[in-house]
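Now for the letters of each chain:
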Amino acid sequence: MKGSAPLLGLAETLEKVRGTPSKKEKVRLIAGFLKGLEPRDAEVAARIASGRSSERGSKDEAQVGYSTLLEVLKEVTGASGQEVSKIYLRHGDLGEVAEELLGRKREQQLFSEELTLAALDDAFARLRSTKGQGSAAAKRAIVKSLMLAATPLEGKYIVKVLTGEMRTGMVSGLLEEAIADAYGLPKDAAARAHMVLGDIGTFANRAATGEASGARIQPFRPVNFMLAEPFATAKEIADHFGKKVFAECKYDGIRAQVHKSGREVRVYSRRLEEITPNFPEVVGAFEEARGDFILDGEAVPFAGGRPLPFQLLQRRLRRMEDFEEAAKNAPVVYFAFDILLKDGKETVDLPLSERRRLLGAVLAGSKARQAETFDVTTETEVQDAFRRSRDQGYEGLVVKDPGSGYAMGKRGSGWAKLKEELDTLDVVIVAAEYGHGKRAGVISDYTFAVRDGDALKTVGKAYSGLTDKEIDDMTRRLKEITVKDFGYRRQVKPEIVVEVAFDSIQRSERHDGGFALRFPRIKRIRTDKGLAEIDTIEKVEKLFAGQKLKVDER
Ligand code: AMP
């Protein structure tokens, strides 16, 4: 492994990155470190800094369980289980446990060599390819040799990568910036190259060799998906576009990017992981299709002309070996709605209307379907399309601007989604804030709470759903019931009950209820209800548990 840079340099840099709260400084540190590296080392370093041990989109991960890591650490350092638990409790982070324990390493390798970035990358590759019978022991041996060779600081970061708990605050955007700075790439070019290459390591490598600007979308290199902006009502959507647009059915399945080159078809998930083996029907659907392409769409459980509950995909996502049985229970149809590459040409910058035409031609030779689309302009038309989609068993609509490009990795304003709410909750307003822009001067942001025994616990903040007149009335009432005035924010007497709709529930530290409703909007002001009748935290927990399955799968 001659020629590769020592791992220690990266570990020391990451330690400094972790130690500074300044984003600018984090970027400067990483950029400075990358500058001196060979392209291959820059690739490995960038990937590790992002907390990954393998290229994005690769089928295999170098996964090593907590228990294996703990066993190896005990073996290498002579620490007892009790000692390890104590140290773990103190840090709550296995990487830091490794650092502390390795500081008193017992078994020393006789001719211990310096660990290099290339050597670590090679060990990760071996961990990935170690599968099947006897793999546990083989993986353990690889981890053990790493821990024997590592200094405490190196051990810490190796473990952090293996457990997926990097926690340096070096988020993908900052890393991209650091790579751009290190190799003098303009911001836009860096963002585009990173997007197209998908993987931060590959991007760093190309940037180091000066080839990043020429990066093109390619089969078997997944790119980030375009996302839709949520809208609360058909009216908001019609107002947003203000012209004739495409309203597509919103399918409830697994977002999937299908890549075909020659006779080979591969399928990638929203996290850009390869999921080809989980969806043999999707691969089968494109067997006869001609040409090379990359499509975006949704793999939907579907039988007898109707979608089946999303939950039926659960077995095949978790247990690949059962897929034949799973495919019987929940056959999957691929509904394609976009095309990103056709026969070597990028199509992402073409208008959607043109992409749809190309998509239609590709799908004609396949067993996949094209997403159903309605032309809509007015609120009533959006509402009708929504109903039709719901009547067919779909989730709602994704409304798209025919002139828009495919914004990779962005929640672009070209796509707007409208779906039936997960549920509604009756909540009470406990605090409120003045709005911005056209809502300046009125109190339009409402923090709301549910009941937890005798206490009130906040679970979200809503700033949409009311008419201008309702907001004016609300402003007046909130001023009357203000308990404490903090200027832009007011704590109010908990007496205004509103019914909020929302898309999903997330765990949250921002609200003292421990949950946050996602995309909450006020459906109506419940003048008929009082504080005693609002919903409880137990109901929120129950709804959260019910939707968790789906969020996990995604
Ligand atoms: P949500 O999961 O509610 O945030 O809605 C966005 C998701 O809807 C996307 O990530 C896709 O997985 C899915 N989807 C279903 N049908 C479509 C469609 N026709 N166009 C775009 N996305 C769709």
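Residues numbered from 1 in each chain as written. Predicted model: local features only at pLDDT ≥ 70, side-chain atom pairs only at ≥ 80, totals over all residues. Heavy atoms only, no water.

1. Some thoughts on the environment of Leu175
Secondary-structure assignment places Leu175 in helix H10 (residues 172-183). The exposure class of Leu175 is buried, given its relative accessible area of 1%. Distance from Leu175 to Val428, taken between C-alpha atoms, is 42 Å for residues 253 residues apart in sequence. (Helix = DSSP H or I, 4+ residues; strand = E, 2+ residues; numbered from the N terminus. Buried < 20%, exposed > 50% of the residue type's maximum accessible area, 1.4 Å probe, protein only.)

2. Quick notes on the confidence of the model for the protein chain
The pLDDT averaged across the protein chain works out to 91; a share of 96% of its residues lies at or above 70. When mean pLDDT is compared element by element in the protein chain, strand E2 (residues 245-250) scores highest at 98, while helix H15 (residues 314-318) scores lowest at 70. (pLDDT = per-residue confidence, 0-100.)

3. As for the sheet that holds E2
Read across the sheet, five strands follow the order E1-E12-E11-E2-E10 without closing on themselves; strand pairing throughout is mixed. Of all the strands in the sheet, just strand E1 (227-230) and strand E10 (373-376) have a single pairing partner and so form its edges. The mean angle between the axes of side-by-side strands here comes to 40°, regardless of whether they run parallel or antiparallel. Pairing of E2 with E10 involves four bridges; the strand directions are antiparallel. The residue of E10 that forms the bridge with Glu248 is Thr373. (Pairing = 2+ DSSP bridges. Axes fitted to C-alpha atoms, helices over the stretch in contact; angles between N-to-C directions.)

4. Describing the site of the ligand
Among the 14 residues in the neighbourhood of the ligand, the closest are listed as Tyr251, Glu298, Lys400, Lys417 and Lys419. Tyr251 is positioned such that a nitrogen or oxygen atom in its backbone is 2.9 Å from a nitrogen atom of the ligand. In the model, a nitrogen atom of the ligand is placed 2.9 Å from a nitrogen or oxygen of the Lys400 side chain. Coverage of the ligand by the protein chains reaches 93% of its 500 Å² of free accessible surface. (Near = heavy atom within 4 Å. Polar contact = N/O pair within 3.5 Å; in protein donor to acceptor, adjacent residues only side chain to side chain. Areas by Shrake-Rupley, 256 points an atom, 1.4 Å probe, with all protein chains shown as cover.)

5. Structural notes on helix H18 (residues 379-391)
In this model, H18 (13 residues) spans 18 Å end to end at C-alpha, consistent with the 18 Å of a helix rising 1.5 Å per residue. For H18, the complete set of buried residues consists of Val382, Ala385, Phe386 and Ser389. Seen from one end, H18 has its buried residues packed into an arc of 105°, which puts them on one side. Residues of H18 that are exposed and point over 90 degrees away from its buried face: Thr380 and Asp391. Where the residues of H18 are buried, they touch helix H13 (234-241), E2, E10, strand E11 (396-400) and strand E12 (411-419). The first or second residue beyond H18 is Gly393, which carries a positive phi of 95°. (Expected span 1.5 Å × (residues − 1). Arc of directions from axis to C-beta. Contact = heavy atoms within 4.5 Å.)

6. Let's talk about the domain arrangement of the protein chain
Taken as a whole, the protein chain is organised into domain 1 (52-163), domain 2 (227-418) and domain 3 (423-546). When each unit is reduced to the centre of its C-alpha atoms, the spacing between domain 1 and domain 3 is 47 Å. (Domains from an automatic or database assignment.)

7. Quick word on the packing of helix H3 (residues 39-49) against helix H7 (residues 117-129)
The geometry of H3 relative to H7 is characterised by a closest axis approach of 9 Å and an angle of 60° between their N-to-C directions. In terms of orientation, H3 lies oblique with respect to H7. The handedness of the crossing between H3 and H7 comes out as left-handed. Between H3 and H7, the residues in contact are Arg40, Asp41, Val44, Ala45 and Ile48 and Leu117, Ala118, Leu120, Asp121 and Phe124, respectively. Classifying every residue of the contact of H3 with H7 by side-chain character gives seven nonpolar, no polar and three charged. (Parallel < 35°, antiparallel > 145°, perpendicular 65-115°, else oblique. Left-handed = near helix turned anticlockwise from the far one by under 90°. Nonpolar A, V, L, I, M, F, W, Y, C, P; charged D, E, K, R; others polar.)

8. Things to note about unusual backbone geometry
One non-glycine residue with positive phi stands out, namely Arg167, at about 50°. Structurally, Arg167 can be placed in the loop between helix H9 (152-163) and H10. In this structure, Asp343 takes a positive phi of about 45° despite not being glycine. Structurally, Asp343 can be placed in the loop between strand E7 (332-342) and strand E8 (345-346).

9. Topic: the side chain of Thr458
Checked against the element boundaries, Thr458 lands in strand E15 (residues 455-462). Judged by its relative accessible area of 15%, Thr458 is buried. In this view, Thr458 contacts Val430, Thr447, Phe448, Ala449, His511, Asp512, Gly513 and Phe515; residues no more than four positions away in its chain are not counted.

10. What about the packing of H10 against helix H11 (residues 187-197)?
Across the interface, H10 lies against H11 with an axial gap of 10 Å and an inter-helix angle of 120°. The angle between the axes of H10 and H11 places the two elements in the oblique class. When the axes of H10 and H11 are compared, the crossing they make is right-handed. Only Ala190, Ala191 and His194 of H11 make contact with H10, whose side of the interface consists of Ser172, Glu176 and Ala180. For the contact of H10 with H11, the residue count by class is three nonpolar, two polar and one charged.

11. A short note on H11
Of all the positions in H11, only Ala190, Ala193, His194, Met195, Val196 and Leu197 are classed as buried. On its buried face, H11 sits against H10 and helix H12 (200-209). Two residues or fewer after H11 comes Gly198, characterised by a positive phi angle close to 80°.

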